[in-house]
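# Breakdown of the fold
Here is what each chain is made of, one letter per residue.
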Amino acid sequence: MGRLWYLAVVNIVASGAEARDGVSATSCASDIDCSLNGLCNPSGKCVCDKPWQGPSCGVMGYKVTPVSGKDLFPINRSHNTWNGPIMGPVDGIYHFFVPYYGNFTGVKSLFRVDYMLHGTSDKIEGPYSWEPALDLPRGINPAALAFLNATTGQTVYTLWDGGVLAADSPLGPWRTYGRGCGGNPAPAYFNGTFYCTSQHTLEISSQSTVSGAWSKLSDINVTLKNGSRVPYAKALPNVEDPFLWIDKRGNFHIINHRYDTTQTVNCFASTLSAHTFSPDGVNWHIIEPAVEPYAHTVEYDDGSSKTFVALERPNIHFDSTGQMTHINFAADLTTSNSGCGGSCDGCKFQNHCGTVIVALDV
């Protein structure tokens, strides 16, 4: 789902550096051909923003990640977490909010959350100290958004999952703040406007405050090479868990977990992710053939690597300049390449699951 940390995104994301880093070998006609993750230069080549790589700037580059990021709740292998948003750093501390499943070998039911966990660390990759956040709802798809209140000049910290809660600090206390845009929300804030999509990534809604009613900005229909316009969720079936952001040039992006229930073996190569993008939040595009924005395998600073069958509920973390630096996921921690006898994506319901973070190549 879309969970994000932007602080004063209105000032940060609109004013970053120009495209830089790897020039592609494939020709482009416009920035659309560069996934709006870079610029098409006068020579007709994509110049990618970090951490984006590949001929169409469509793939996030990973870098070696501290091994603490391999499992951010390594406390009990019969208990599970399933990712959530990271806020911060606030006074040098990162705050992580994740749903906790206390009594299952696998996730079993995504709707049987025991409670929310609140983790704190002085490093985004952990290790984290965890405590039950019993004052928060037992949300299954928490999202977060931090923004500057234009009237008071103070930072507002919000948690989303159905409704919206707000606080003056990630430590709370939390108060009812407004209405979400649906289940598994993916909120963003840009130039004084809130934007949001939800689980199946069918439309974008907007409003100037979270306390009012959402208005539909657009259906998320993508324009294909043949000129037809079809729903994103039809062009790339089985997308879920959206994460929405607006980049320094004002382009809209959504990444999703994507799956294919017919894949039962070779799970390390199974369908994993998707990306759609728009210059204005109305006219949406994909790269054809589809390019997956994030990959299965992560390398760690102890010399090990791990290939995950499932990496779901992506959350991108941005630093104070608006540069994305990390992505965290809900992960199946134990399933092997041979799978579990059913669909690769469904193995999470049988095996140990947790929360991981990956450093991006910036």
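Note: the structure precedes this text.
Residues numbered from 1 in each chain as written. Predicted model: local features only at pLDDT ≥ 70, side-chain atom pairs only at ≥ 80, totals over all residues. Heavy atoms only, no water.

Attention now goes to the overall build of the chain. Looking only at helices and strands, the chain has two helices and 30 strands in total. The C-alpha atoms of the chain give 19 Å as radius of gyration, which agrees with the globular expectation for 362 residues (21 Å, within 12%). Overall size of the chain, expressed as C-alpha extent along the three principal axes, is 55 × 55 × 35 Å. Burial analysis of the chain (362 residues in total) assigns 56% to the buried set. Sequence separation of 24 or more characterises 56% of the internal contacts of the chain that already satisfy a separation of 6 or more. For the chain, the exposed surface amounts to about 14,100 Å²; the carbon and sulfur share of it is 51%. Charge separation in the chain, taken as the distance between the mean sites of 23 positive and 31 negative side-chain charges, equals 4 Å. (Helix = DSSP H or I, 4+ residues; strand = E, 2+ residues; numbered from the N terminus. Rg over C-alpha atoms; globule rule 2.2 N^0.38 Å. Buried < 20%, exposed > 50% of the residue type's maximum accessible area, 1.4 Å probe, protein only. Contact = heavy atoms within 4.5 Å. Areas by Shrake-Rupley, 256 points an atom, 1.4 Å probe, with all protein chains shown as cover. Lys, Arg positive; Asp, Glu negative; His and termini not counted. Charge placed at Lys NZ, Arg CZ, Asp CG, Glu CD.)

Considering the arrangement of structural elements, one finds Ala-269 in the loop between strand S23 (252-258) and strand S24 (273-278). Spatially, the C-alpha atom of Ala-269 lies 16 Å from that of Gly-341, the residues being 72 residues apart in sequence. If we ignore the near neighbours within four places in the chain, the residues touching Ala-269 are His-296 and Asn-337.

Turning next to the sheet that holds strand S16 (residues 186-190). The four strands are arranged S16-S17-S18-S19 in an open sheet whose pairing can be described as antiparallel. For this open sheet the edge positions go to S16 and strand S19 (215-219), each flanked by a neighbour on one side alone. Strand-to-strand twist across the sheet, computed as the mean angle between neighbouring axes with direction ignored, equals 25 degrees. As paired strands, strand S18 (residues 203-207) and S19 are joined by four bridges and run antiparallel to one another. Across the sheet, the residue bridging to Ser-205 is Lys-216, located in S19. (Pairing = 2+ DSSP bridges. Axes fitted to C-alpha atoms, helices over the stretch in contact; angles between N-to-C directions.)

Glancing now at the pattern of salt bridges. Inspection of every chain in the model, using the stated rule, returns seven salt bridges. Note that Lys-348 is salt-bridged to Glu-312, the shortest N-O span being 2.9 Å. Within this pair, whereas Lys-348 is found in the loop between strand S29 (324-332) and strand S30 (353-359), its partner Glu-312 is found in strand S28 (residues 311-318), the two being separated by 36 residues in sequence. For Lys-348, a relative accessible area of 4% gives the class buried. Two residues, Lys-348 and Asp-345, come together in a salt bridge whose shortest N-O distance is 3.2 Å. Grouping residues by exposure puts Lys-348 and Asp-345 together as buried. Linked through salt bridges whose partners overlap, the residues forming this network are Asp-49, Lys-248 and Arg-249. (Salt bridge = Lys/Arg side-chain N within 4 Å of Asp/Glu carboxyl O.)

Right, let's get into the side chain of Ser-121. Within the secondary structure, Ser-121 sits in strand S10 (residues 115-121). On the basis of relative accessibility, which here comes to 5%, the residue Ser-121 falls in the buried class. If sequence neighbours within four positions are ignored, Ser-121 has contacts with Gly-92, Ile-93, Tyr-94, Gly-126, Pro-127 and Tyr-128.

Without other data, these values stay purely geometric and don't point to any function.
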